[in-house]
Amino acid sequence: MLTSAISLMQSGATPSVSEVAEAAGVSRATAYRYFPSEAALIHAVVDEALGPILDWTPIEGSAEDRVTDLLETSMPRIEEFEATFKAALRLSLEQWSKRQAGTLGGEPQFTRGHRVDLLLEATKPLAEKLGEQDHQKLAQALSLIFGLEVLNVLKDIWGLSSEEALSVARWSAHALVSTAEREAG
């Protein structure tokens, strides 16, 4: 079922549990036993697509080296599964709209957030020097240039190639880490 869901999402769809059951050739009851909601299904697909990113182990070195390593390790995988991540983002945005309109009902919220842990780990060498609040702020700032959204902006809006987008992300990460270190004294 997961393979079928990934295939559907890589084609640009945000499939329902029923659609995945049909594509996988299993009963809807079986599919709902594994994935009780669309959010649960999409969460499982996103985790599968993230794959090695979730197992990333930081290299020894400075926060800048670690952030660069995280970007260079992760961004090719994010680009490989860009359609899947865009489908997940679409679900997140649709749920936001339904929540605003009061029509989400009992549907579980699709949550994302792996980047929080990854970026806090990447910047860990600066945690003590920055203090908890500024360490969090650095990770939050880096989250703007790590993940699908950076591809949306740099490739879709600016028309950059993959390598150019990664170069801008690296440059931005360097600027943010350097600024945080300088401000911390």
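Look a little higher up for the structure.
This one's a predicted model, so the numbers in the text were calculated from it and none came from an experiment. Once a new chain begins, its residue numbering starts again from 1 and follows that chain's sequence as written. The predicted origin of the model limits local features to residues at a pLDDT of at least 70 and limits the giving and counting of side-chain atom pairs to 80 or more, whereas totals for whole chains, interfaces and linings rest on all residues. Hydrogens and water molecules were not included; the side-chain quantities draw on all heavy atoms of the structure.

*Asks:* Any chance you could explain the overall build of the protein chain here in plain terms?
*Replies:* Counting from the N terminus, the helices are DSSP H or I runs at least four residues long and the strands are E runs at least two residues long. Scanning the protein chain from terminus to terminus reveals 10 helices and 0 strands. Helices and strands appear in the protein chain in the N-to-C order α-α-α-α-α-α-α-α-α-α. With the C-alpha coordinates aligned to their principal axes, the bounding extent of the protein chain is approximately 60 × 35 × 30 Å. Each residue is assigned to one of three classes by its accessible area relative to the maximum for its type, calculated with a 1.4 Å probe on protein chains only: buried under 20%, partly exposed between the two thresholds, exposed over 50%. Burial statistics for the protein chain: of 185 residues in total, 38% are counted as buried. The charged-residue count follows a simple rule in which Lys and Arg add positive charge and Asp and Glu add negative charge, with His and chain termini not counted at all. A charged residue contributes its charge at one atom only: NZ of Lys, CZ of Arg, CG of Asp or CD of Glu. Charge centroids of the protein chain, computed over 16 positive and 27 negative side chains, lie 5 Å from each other.

*Asks:* Can you walk me through the side chain of E82 in this structure?
*Replies:* Relative to the elements of secondary structure, E82 occurs in helix α6 (residues 82–101). What E82 contacts, discounting residues up to four positions off in sequence, is Q10, L148, L151, K155 and D156. Whether two residues are in contact is decided by their heavy atoms, any of which lying within 4.5 Å being enough.

*Asks:* Where do I start with the environment of D69 in this structure?
*Replies:* Within the secondary structure, D69 sits in helix α5 (residues 63–80). When its relative accessible area of 21% is taken as the criterion, D69 is described as partly exposed. Residues D69 and K124 lie 55 residues apart in sequence; the distance between their C-alpha atoms is 14 Å. Ignoring anything within four residues of it in the chain, the contact list for D69 reads W56, T57 and I59.

*Asks:* Teacher, can you tell me more about the pattern of salt bridges here?
*Replies:* Think of it this way: side chains of opposite charge can pair up when their charged atoms draw near. Whenever a carboxyl oxygen of Asp or Glu lies within 4 Å of a side-chain nitrogen of Lys or Arg, that contact is scored as a salt bridge. Overall, the coordinates contain 10 salt bridges when judged by the stated rule. Residue R170 is joined to E72 by a salt bridge in which the shortest nitrogen-to-oxygen separation is 2.6 Å. Pair noted here: R170 is in helix α10 (residues 162–184) and E72 is in helix α5, with a separation of 98 residues, a long-range link. Its salt-bridge partner being E82, residue K155 comes within 3.2 Å of it at the nearest N-O pair. Placement of K155 in helix α9 (residues 148–157) and of E82 in helix α6 is noted, with a sequence separation of 73 residues between them.

*Asks:* Just checking my understanding: could you explain the nonpolar core for this structure?
*Replies:* Nonpolar side chains in soluble globular proteins tend to be buried together. By nonpolar core is meant a set of buried Ala, Val, Leu, Ile, Met, Phe, Trp, Tyr and Cys residues that side-chain atoms within 4.5 Å join together. In terms of nonpolar packing, the biggest core is built from 50 residues, with L71, M75, F85 and L142 touching the most fellow members. Residue contacts for M75: discarding those within four places in its chain leaves F146, G147, V150, L151 and L166.

*Asks:* Teacher, can you tell me more about the environment of I59 here?
*Replies:* The topology assignment puts I59 in the loop between α4 (38–50) and α5. C-alpha separation for the pair I59 and S97, spaced 38 residues apart in sequence, amounts to 40 Å. Apart from residues lying up to four places away in sequence, I59 is in contact with D65, R66 and D69.

*Asks:* Just to check I follow, could you spell out the packing of α6 against α9 for this structure?
*Replies:* Helix-helix packing is characterised by the crossing angle of the two axes and by the distance between the axes. Between α6 and α9, whose axes approach to 10 Å, the crossing angle comes to 110°. Between α6 and α9, the interaxial angle falls into the category roughly perpendicular. Contact residues: E82, F85, K86 and L89 in α6; L148, L151, N152, K155 and D156 in α9. Charged means Asp, Glu, Lys or Arg here, nonpolar means Ala, Val, Leu, Ile, Met, Phe, Trp, Tyr, Cys or Pro, and polar covers whatever is left, Gly included. In terms of residue class, the contact of α6 with α9 is built from 4 nonpolar, 1 polar and 4 charged. Fitted lines through C-alpha atoms serve as axes, helices being fitted only where they are in contact, and the angles separating the N-to-C directions of these axes extend from 0 to 180 degrees. Just so you know how the angles are binned, under 35 degrees is roughly parallel, over 145 roughly antiparallel, 65 to 115 roughly perpendicular, and the rest oblique.

*Asks:* Would you explain α4 in this entry?
*Replies:* Think of an α-helix as 3.6 residues a turn; residues three or four steps apart then line up on the same face. What a helix should span is 1.5 Å times the count of its residues minus one. Compared with an ideal rise of 1.5 Å per residue, which puts 13 residues at 18 Å, α4 spans 18 Å between its outermost C-alpha atoms and is within 8% of the ideal. Inspection of α4 places A39, L41, I42, V45, V46, A49 and L50 among the buried residues, and these make up the whole buried set. For α4, the angular spread of buried residues about the axis comes to 165°, placing them on one side. Looking at the buried side of α4, the elements it contacts are α1 (2–10), α2 (17–24), α5, α6 and α7 (114–122). The positive-phi residue at the C-terminal boundary of α4 is G51, with phi of around 40°. The reported arc concerns the directions from the helix axis to the C-beta atoms and nothing else.

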